[in-house]
Amino acid sequence: MPSDPLGRFLTALDPEHREAVGARPRQEQERLAAAWERELEADDELDTLDELSPPAAEAEAARRVLERETD
């Protein structure tokens, strides 16, 4: 499992979104990964989910970040 934020973010994405984000410029990928980390840190619901299933919490945070990107 990757230890850098970008690698962890890409791992949290479903395969389709991982490919789409991977095709974006590196700077944009890093910006999304930073937003993902902030989402994980800020949301109390994700803290609870993280206790039950860290991968599920990371995937939910990634989904939220990408959803905001398309709004």
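Residues numbered from 1 in each chain as written. Predicted model: local features only at pLDDT ≥ 70, side-chain atom pairs only at ≥ 80, totals over all residues. Heavy atoms only, no water.

K.L.:
Can you help me understand the overall build of the protein in this one?
P.N.:
Broken down by element type, the protein carries 5 helices and 0 strands. Taken from the N to the C terminus, the helices and strands of the protein come in the order α-α-α-α-α. In summary, the protein has a C-alpha radius of gyration of 11 Å against a globular reference of 11 Å for 71 residues, a match within 12%. Taking the principal axes of the C-alpha coordinates as reference, the protein spans close to 35 × 30 × 20 Å. Within the protein, the fraction of its 71 residues that count as buried is 32%. By sequence separation, contacts in the protein at least 24 residues apart represent 49% of the contacts at least 6 residues apart. A total of about 4,700 Å² of accessible surface is found on the protein, and carbon and sulfur atoms cover 49% of it. In the protein, the 9 positive side-chain charges and the 20 negative ones have mean positions that sit 5 Å from each other. (Helix = DSSP H or I, 4+ residues; strand = E, 2+ residues; numbered from the N terminus. Rg over C-alpha atoms; globule rule 2.2 N^0.38 Å. Buried < 20%, exposed > 50% of the residue type's maximum accessible area, 1.4 Å probe, protein only. Contact = heavy atoms within 4.5 Å. Areas by Shrake-Rupley, 256 points an atom, 1.4 Å probe, with all protein chains shown as cover. Lys, Arg positive; Asp, Glu negative; His and termini not counted. Charge placed at Lys NZ, Arg CZ, Asp CG, Glu CD.)

K.L.:
Help me out: how do you make sense of the packing of aromatic side chains in this one?
P.N.:
Any pair of aromatic rings gets described here by the distance separating the centres and the angle formed by the planes. Under the defined criterion, the tally for this structure stands at 1 aromatic pair. Between the aromatic rings of Phe 9 and Trp 36, the centroid separation amounts to 5.8 Å while the plane-to-plane angle is 55°, which identifies the pairing as tilted. Pair noted here: Phe 9 is in helix H1 (residues 5-12) and Trp 36 is in helix H3 (residues 26-42), with a separation of 27 residues, a long-range link. Side by side, Phe 9 and Trp 36 carry an identical accessibility label, which is buried. (Phe/Tyr/Trp six-rings, centres within 6.5 Å; stacked < 30°, edge-to-face > 60°.)

K.L.:
Even after reading the chapter, I still don't get a negative patch on the surface, so can you show me in this structure?
P.N.:
Judged by side-chain charge, Asp 44, Asp 47, Asp 50 and Glu 51 come together as a negatively charged surface patch. Within the secondary structure layout, Asp 44 lies in helix H4 (residues 44-52). Among the residues examined, Asp 44 registers a relative accessible area of 59% and is labelled exposed. (Patch = residues over 30% accessible without salt bridge, like charges linked within 9 Å, V, L, I, M, F, W, Y side chains within 5 Å. Salt bridge = Lys/Arg side-chain N within 4 Å of Asp/Glu carboxyl O.)

K.L.:
Looking at this structure, how should I read the nonpolar core?
P.N.:
Side chains of a nonpolar character, in soluble globular proteins, are inclined to be buried together. Ranked by internal contacts, the top residues of the largest apolar core, which has 17 residues, are Phe 9, Leu 13, Val 21, Leu 32, Trp 36, Ala 62 and Leu 66. For this core, the elements supplying multiple residues, two or more each, are H1, H3 and helix H5 (54-70). Beyond its immediate stretch of four places on either side in the chain, Leu 13 contacts Arg 18, Val 21, Ala 62 and Leu 66. (Core = buried A, V, L, I, M, F, W, Y, C linked by side-chain atoms within 4.5 Å.)

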